[in-house]
Amino acid sequence: MSYIELLVCLIISTIIFISALDGYSHVLQHMAYILNTNIKTLRVFHVINYIRFDYHRHATKQPNSKYSRTLSTSSFAFDEKVEDLKRVLYKCVGPLEGKTTIYRDTYDIYTKKLLNRRVYTLYGEFSLELSADKRYLLINNPYYGVAKIPISLPDVQIVSIIVTKVNEKNETK
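What you see is a predicted model, and the numbers here were worked out from it, not measured in a lab. (Residues numbered from 1 in each chain as written. Predicted model: local features only at pLDDT ≥ 70, side-chain atom pairs only at ≥ 80, totals over all residues. Heavy atoms only, no water.)

> Could you give an account of the nonpolar core, with specific residues and numbers?
Among the nonpolar cores identified, the biggest contains 19 residues, and F126 and I139 are the most heavily contacted of them. Of the residues forming this core, the biggest block, five residues, is contributed by helix α1 (residues 3-58). Ignoring sequence-local partners within four residues, the contact set of F126 consists of V44, V47, I48, C92, T100, I102, I139, N140 and N141. (Core = buried A, V, L, I, M, F, W, Y, C linked by side-chain atoms within 4.5 Å. Buried < 20%, exposed > 50% of the residue type's maximum accessible area, 1.4 Å probe, protein only. Helix = DSSP H or I, 4+ residues; strand = E, 2+ residues; numbered from the N terminus. Contact = heavy atoms within 4.5 Å.)

Listed below in structure tokens is the structure:
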């Protein structure tokens, strides 16, 4: 093998190696973008599902729900009964630096004393609204658009039915 052939082989292998590294870096950048998007959308999905589950599972039969909005804050409150009767307030504050902070405050219904506070931070603008007909709580977010949560569910009671087989033979004794 001559020096010219060796030089051509080195140049071609260097071009192939650089192309492979460039392709690999693009794959890693795309994977990081997909993972980042998945993390953001999953957090939003879990918060929406948590609010829906919390309201529909823990709200009292007459939840006394209330909605309010200011310039940078929207809130939704309702009465819940898990062990004791409490007032729950979801408050969305922001966006500040591209993030919205959601507070879940639990108050004693009689003394108005703060019992518990949970804080969630989400990317993007996240707000709570009431629909025009006041039948739905609308959760606006950049990833899923508008999520609807019904304010009042139908009064349905699920009862399990036990069916027993009747012995049709008449036994005489």
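> Requested: an account of the sheet that holds strand β1 (residues 66-69), with residues and values cited.
Pairing is antiparallel in the open sheet, where five strands are placed in the order β1-β2-β3-β4-β5. Across the chains shown, the open sheet's two edge strands, defined by having one partner strand only, are β1 and β5 (114-123). Each strand of the sheet is rotated relative to its neighbour by a mean of 15°, with strand direction disregarded. Looking at chain direction, strand β3 (residues 85-96) and strand β4 (residues 99-108) are connected through nine bridges and run antiparallel. Within β4, the residue paired with V93 across the bridge is T101. Contacts from α1 reach β2 (73-81), β3, β4 and β5, with the element oriented near 150° to β5. (Pairing = 2+ DSSP bridges. Axes fitted to C-alpha atoms, helices over the stretch in contact; angles between N-to-C directions.)

> Lay out the sheet that holds strand β7 (residues 136-141) with the relevant residues and their values.
In spatial order, the strands read β6-β7-β8; together these three strands make up an open sheet with antiparallel pairing. Every interior strand has two partners, whereas the edge strands, β6 (127-130) and β8 (145-150), have only one. With direction set aside, neighbouring strand axes in the sheet form an average angle of 25°. Judged from the six bridges that link them, β7 and β8 form a sheet pairing that is antiparallel. When the bridges of β8 are listed, N141 appears paired with G145. Its contacts with the sheet place α1 against β7 and β8, and it is angled at close to 15° to β8.

> How would you summarise unusual backbone geometry if you had to cite specific residues and measurements?
With an omega of 10°, the peptide bond running from G94 to P95 counts as cis. We note that K112 has phi near 60°; this positive angle belongs to a residue other than glycine. Relative to the helices and strands, K112 resides in the loop between β4 and β5. Within the chain, K134 stands out as a residue other than glycine whose phi angle is a positive 60°. Within the secondary structure, K134 sits in the loop between β6 and β7.

> I'd like a rundown of the environment of A147, residues and numbers included.
One can find A147 in strand β8. Owing to a relative accessible area of 16%, A147 belongs among the buried residues under this scheme. On a C-alpha basis, the gap between A147 and L137 in space is 8.1 Å, while along the polypeptide they are ten residues apart. Setting aside anything within four residues of it in sequence, one finds A147 in contact with I48, L137, L138 and I139.

> How would you summarise α1 if you had to cite specific residues and measurements?
With 56 residues, α1 should cover 82 Å at 1.5 Å per step; its first-to-last C-alpha distance of 81 Å lies within 8% of that length. Listed in full, the buried residues belonging to α1 are T41, V44, V47, I48, I51, D54 and Y55. Where α1 is buried, its residues contact β2, β3, β4, β5, β7 and β8. (Expected span 1.5 Å × (residues − 1).)

> How would you summarise the pattern of salt bridges if you had to cite specific residues and measurements?
The final tally for this structure, using the stated rule, is five salt bridges. Notably, a salt bridge pairs R117 with D105, separated by 2.7 Å at the nearest N-O pair. With a gap of twelve residues between them, R117 in strand β5 and D105 in strand β4 connect regions that are remote in the sequence. On the basis of relative accessible area, D105 is assigned to the buried category, the value being 0%. What emerges from the salt-bridge pattern is a single network uniting D54, E80 and R104. (Salt bridge = Lys/Arg side-chain N within 4 Å of Asp/Glu carboxyl O.)

Function cannot be read off these values alone, since they describe shape.
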